[in-house]
Structure formats: C-alpha cells, structure tokens
Amino acid sequence: TQKHNPAYDSAKKKMAQSELELSTARARFLPSLDFATTNGLQDDFISRGGDGVYSATPSASAPWYGTMSLSVTENLYDNGASITRAREARLKAELAKLEHAKQRDKLLLDVIQEFYRYSLAHALLGVRRQQLSMLEKQYRLMTDQYKQGLKTRSDGRRGQCNWIID
C-alpha cells in the first residue's frame, strides 16, 4: 500500500531531496579543485615584404603545444552564508523526515481503520447469518404447528409480521 499512496510517495521523495540538499550545503565547506588542459598546433607566419603574401614555416621546435593548470580554491569567509545554508538544509531535512513519518503513520492508521471496518462487517455478517438461521427455524416450527393444527393462520401471519419488523 505504500507504493500506491501518492502522499506517502511524495513525502518520501521530498525527504530524499532534502537529504541531497543537505549534502550539497555541507559540500560548500570543502575546497574546490579545478583542473584544465589545453592542447594545440602552433604555426609561425612570416611576411615576405609588402606584397601581402604570408607563408607558414614550422618553427625550429615542435609545432605542438600544451598547457595544464590545477587550482585549489577555499572560501575563507562568506559572512556566515554557508553555515546558514547548512543549518537551513538540516532543518528542511528534519522537517521532511517528520512529514514522511506523519504520512507513514497516517497510511498505517487508514489501513488499521479499514481492517477494523472489514472485521466489524465480517462479524456483523456472522450475526446476521445466525439471526437468519434462527428465523428460519422459528418459521419451520410455526409452519409445523400450523400444519398440526396447533396454530391458526392469523397466528402465523402475526409471527411473520414480527419477523419482518425485527
């Protein structure tokens, strides 16, 4: 039943989302690491006078070049914004957990109430079956007494009216 309840499913997803937001807020306390590389081909262009013609001649060194950079960045002071975000995310996560527990308990209460209603209906059905068997027995007795002449037709009708009223 938990799979098919949209409110419970929504609360569960909100709880997972808030936990991810909390881990993201905590990650702001860690330094960031940036790595970059550049590779390319370098040509030297030499001008031949004023005729506007340029010729590419390879340099004496290899024409390929590459660079690599690595940087580490640490936020030393942000006026408490990271701490505030982390506290806010933690409170949202706790609120989402409470909402999830509330939806789970509500679902459990609904299941218990429906089971109780079912049990009550089942018990009432048993009582009604007993009542029907008792009425059938009384009717058979009344019919037998009528056939034997111990009861009159009006007694039988009065008995039938009492059975209908009950």
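What you see is a predicted model; the values in this text were computed from it and never measured. (Residues numbered from 1 in each chain as written. Predicted model: local features only at pLDDT ≥ 70, side-chain atom pairs only at ≥ 80, totals over all residues. Heavy atoms only, no water.)

**Student:** How do you make sense of unusual backbone geometry when you look at a structure like this?
**Tutor:** Note: most peptide bonds trans; most residues except glycine with negative phi. Unlike most non-glycine residues, Asn79 shows phi in positive territory, near 60°. Topologically, Asn79 is positioned in the loop between strand E4 (64-73) and helix H2 (81-148). (Helix = DSSP H or I, 4+ residues; strand = E, 2+ residues; numbered from the N terminus.)

**Student:** What exactly am I supposed to notice about H2 here?
**Tutor:** Residues spaced three or four apart along an α-helix face the same direction, because each turn holds 3.6 residues. The end-to-end C-alpha distance of H2, which contains 68 residues, comes to 99 Å, matching closely the 100 Å that a straight helix rising 1.5 Å per residue would cover. Looking only at H2, the buried set comprises Ser82, Ala86, Ala89, Ala93, Ala96, His100, Gln103, Leu107 and Met142. Of the residues one or two after H2, Gly149 is the one with positive phi, at around 85°. (Expected span 1.5 Å × (residues − 1). Buried < 20%, exposed > 50% of the residue type's maximum accessible area, 1.4 Å probe, protein only.)

**Student:** What is the right way to read a nonpolar patch on the surface from this model?
**Tutor:** A cluster of nonpolar side chains, namely Leu33, Phe35, Met68, Leu70 and Val72, defines an oily patch on the protein surface of about 620 Å² accessible area. Of all the secondary structure elements, the ones that give two or more residues to the nonpolar patch are strand E1 (32-41) and E4. Looking at the nonpolar patch, the element that brings in the most residues is E4, giving 3 residues. Along the chain, Met68 falls in strand E4. (Patch = residues over 30% accessible without salt bridge, like charges linked within 9 Å, V, L, I, M, F, W, Y side chains within 5 Å. Areas by Shrake-Rupley, 256 points an atom, 1.4 Å probe, with all protein chains shown as cover. Salt bridge = Lys/Arg side-chain N within 4 Å of Asp/Glu carboxyl O.)

**Student:** So what exactly am I meant to see when it comes to the pattern of salt bridges here?
**Tutor:** Pairing between side chains of opposite charge can happen when their charged atoms approach one another. The tally for this structure, following the rule as stated, stands at 5 salt bridges. Between Glu114 and Arg117 there is a salt bridge; the shortest N-O distance is 2.4 Å. In this pair, Glu114 and Arg117 both sit in helix H2, 3 residues apart, roughly one turn of the helix. Judged by its relative accessible area of 47%, Arg117 falls in the partly exposed class.

**Student:** Can you help me understand the nonpolar core in this one?
**Tutor:** Nonpolar side chains tend toward joint burial in soluble globular proteins. Within the largest apolar cluster, 5 residues are counted, these being Leu22, Ala25, Ala86, Ala89 and Ala93. Where this core is concerned, the elements lending two or more residues are helix H1 (6-27) and H2. Sort the elements by how many residues they give to this core and H2 lands first, with 3 residues. If sequence neighbours within four positions are ignored, Ala86 has contacts with Leu22, Ala25 and Phe29. (Core = buried A, V, L, I, M, F, W, Y, C linked by side-chain atoms within 4.5 Å. Contact = heavy atoms within 4.5 Å.)

**Student:** Help me understand the side chain of Ser18 in this model?
**Tutor:** Tracing the chain through its elements places Ser18 in helix H1. In terms of polar contacts, Ser18 uses its side chain to reach the backbone carbonyl oxygen of Met15, at 2.8 Å. When near neighbours in sequence (up to four residues on either side) are disregarded, Ser18 contacts Ala89, Lys92, Ala93 and Ala96. (Polar contact = N/O pair within 3.5 Å; in protein donor to acceptor, adjacent residues only side chain to side chain.)

**Student:** Can you help me understand the environment of Gln17 in this one?
**Tutor:** As for its placement among the helices and strands, Gln17 is situated in helix H1. As for Gln17 and Ala96, which are separated by 79 residues in sequence, their C-alpha atoms are 8.9 Å apart.

**Student:** Can you walk me through the confidence of the model for the protein chain in this structure?
**Tutor:** Should the pLDDT be low somewhere, the predicted coordinates at that spot are not to be read in detail. Within the protein chain, residue pLDDT values average 81, and 78% of them lie at 70 or more. Ranking the elements of the protein chain by mean pLDDT puts strand E3 (residues 54-57) last with 53 and H2 first with 90. (pLDDT = per-residue confidence, 0-100.)

**Student:** Just checking my understanding: could you explain the environment of Ala101 for this structure?
**Tutor:** Note on placement: Ala101 falls in helix H2. On the accessibility criterion, Ala101 (21% relative accessible area) is partly exposed.

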